[in-house]
Amino acid sequence: MAFDLPFSPKAPPLVGLDIGSSSVKIVELSEAGKGTMRLERYAIEPLPRGAVVDGNIDKIDVVAEAVRRAWRRAGGKVKNVAMALPSSAVITKRIALPANLREEELEMQVESEANQYIPFALDEVSLDFQVLGAIPNAPDDVEVLIAASRKEKVEDRVAVAQAAGLKPMVVDVESYSARSAIERLIEQLPNRGEGLVIAVFYIGANTTSVTVMHDGEGIYEREQPFGGQQLTGDISRTYGIPAEEAEQKKRSGDLPADYETAVLRPFLDTATIEITRALQFFFTSTPYSRVDQIMLAGGSAVLSGLPEALMERSQVPASVISPFKGMEISSNIREKQLRLDAPALLTPCGLAMRRFDR
């Protein structure tokens, strides 16, 4: 899925650029031979508060400067980038259309159908679609996924990339990009994860999203307002320091001796309650009554004790994931630092994988 840009959507080489609410992230992958990928380089550059709010880029120049710094720090030469919109900025709908339509007819039908579901005039939106495949029990039809977003959402991201001296090639959807990286990890499980119900929780700065996968299909998605900024706020209030300083100390680990018991442990308790509550929503709104495995990602996933606390409360095996598992790692990357950063790089890794689309 990629919104139309005036560029070739599949022209490698390509790097993944993820613009979040608290940082921008860049990932570059290459082909290492025999179907193996190599992580060549990556960078994470923090953003000041207010630069990106609720997925909207409020300060294009500030974000562009952060992207420029991240690209320089990564040290690559590839300027073609794949980016993504937050799921909240995209309307998606699955529809059934006749299987025998030509491309032009399919496009006309998609626009006609989109008019029914999109609360904006079509000339105000970027629209794309993807044929997912045949529909069981309806051999004459195919399932088509429609995605639409306000044009300014796409244009803001394009403007950031161009202001940073980069060339936007693809604008995808964050949840789909992350899912590409997740699917690759599931394929590495015994029997390629067949039959397993796997819940992936991405704990971001302000929100936690859950994607539940079963046999290669995303069967459930939900987002809730809880994230690592809450821990930053707890540190700020407990020790009477500004939020920016609290964030810095959280990352460096430079905190008082009572931090773990006074601040971290209560936050972990809240996190496990939020995650198990999300699982209950999944059980009550779908036919499924079990989850076989929990995968944790996002910047806060690496907090000490989180998987153990979650396993104790949910009685489901939980682990922190790296989207680079099974990849070769370039010699210029510090693996110790990568272990801390990798769980937050799910989306840019999925975007960087777009260079291998054929």
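What comes next concerns the included structure. (Residues numbered from 1 in each chain as written. Predicted model: local features only at pLDDT ≥ 70, side-chain atom pairs only at ≥ 80, totals over all residues. Heavy atoms only, no water.)

Structural notes on the layout of surface pockets
Rolling a probe over the atoms, with the probe sized like a water molecule, indicates the empty space that remains.
At step 1: Computed from the structure, the second largest pocket encloses a volume of approximately 600 Å³.
At step 2: If you trace the second largest pocket, you find 19 residues lining it, with Q130, Y176, R179, S180 and E183 closest to the centre.
At step 3: For the lining of the second largest pocket, the secondary-structure elements that each account for two or more residues are β8 (125-135), α4 (174-186) and β13 (217-224).
At step 4: Per element, the largest residue contribution to the lining of the second largest pocket is five residues, and it comes from α4. (1 Å grid on protein atoms, 1.4 Å probe; cavity = no way out; pocket = protein on both sides within 12 Å on 5 of 7 lines; lining within 4 Å. Points joined across faces, edges and corners; volume = space filled by probe spheres on them. Helix = DSSP H or I, 4+ residues; strand = E, 2+ residues; numbered from the N terminus.)

Describing a nonpolar patch on the surface
At step 1: Where nonpolar side chains cluster on the molecular surface, the patch consists of V302, V320 and L340 and spans about 210 Å² of accessible area.
At step 2: One can find L340 in helix α9 (residues 335-341). (Patch = residues over 30% accessible without salt bridge, like charges linked within 9 Å, V, L, I, M, F, W, Y side chains within 5 Å. Areas by Shrake-Rupley, 256 points an atom, 1.4 Å probe, with all protein chains shown as cover. Salt bridge = Lys/Arg side-chain N within 4 Å of Asp/Glu carboxyl O.)

Structural notes on the sheet that holds strand β15 (residues 318-320)
At step 1: Taken together, the five strands give an open sheet; going across it, the order is β13-β12-β11-β14-β15, and neighbouring strands pair in mixed fashion. For this open sheet the edge positions go to β13 and β15, each flanked by a neighbour on one side alone. Taken over all neighbouring pairs, the strand axes of this sheet differ in orientation by 20 degrees on average, direction set aside.
At step 2: Relative to β15, strand β14 (residues 293-297) runs parallel, the two sharing three bridges. When the sheet's bridge partners are listed, I294 is paired in β15 with A318. (Pairing = 2+ DSSP bridges. Axes fitted to C-alpha atoms, helices over the stretch in contact; angles between N-to-C directions.)

Remarks on the environment of L255
At step 1: Mapped onto the elements, L255 comes out in the loop between α6 (243-252) and α7 (259-285).
At step 2: Classification of L255 as buried rests on a relative accessible area of 18%.
At step 3: Between the C-alpha atoms of L255 and Y239, which are 16 residues apart in sequence, the distance is 9.2 Å.
At step 4: Setting aside residues no more than four positions away along its own chain, L255 makes contact with I235, K249 and K250. (Buried < 20%, exposed > 50% of the residue type's maximum accessible area, 1.4 Å probe, protein only. Contact = heavy atoms within 4.5 Å.)

Some points on the nonpolar core
At step 1: Of all hydrophobic cores here, the largest spans 33 residues; its most connected members are I19, V24, V63 and V67.
At step 2: For this core, the secondary structure elements donating two or more residues are β1 (15-19), β2 (23-33), α1 (60-74), β6 (80-85), β9 (138-150), α3 (151-163) and β10 (167-173).
At step 3: In terms of residue count, the dominant contributor to this core is α1 (seven residues).
At step 4: Discounting residues that sit within four places of it in the chain, I19 has contacts with V24, V52, I57, V63, R157, V160 and E174. (Core = buried A, V, L, I, M, F, W, Y, C linked by side-chain atoms within 4.5 Å.)

What about the pairing of β6?
At step 1: Most of β6 is tucked away: six of the six residues are buried.
At step 2: Neither face of β6 is open: one carries N80, A82 and A84, the other V81, M83 and L85, and all of them are buried.
At step 3: Bridge count between β1 and β6: two bridges; the pairing is parallel. Note on β6: the bridge partner recorded for G16 is A82.
At step 4: Where β6 meets β10, six bridges bridge the pair, whose relative direction is parallel. Bridging across to β10, A82 finds its partner in V170.

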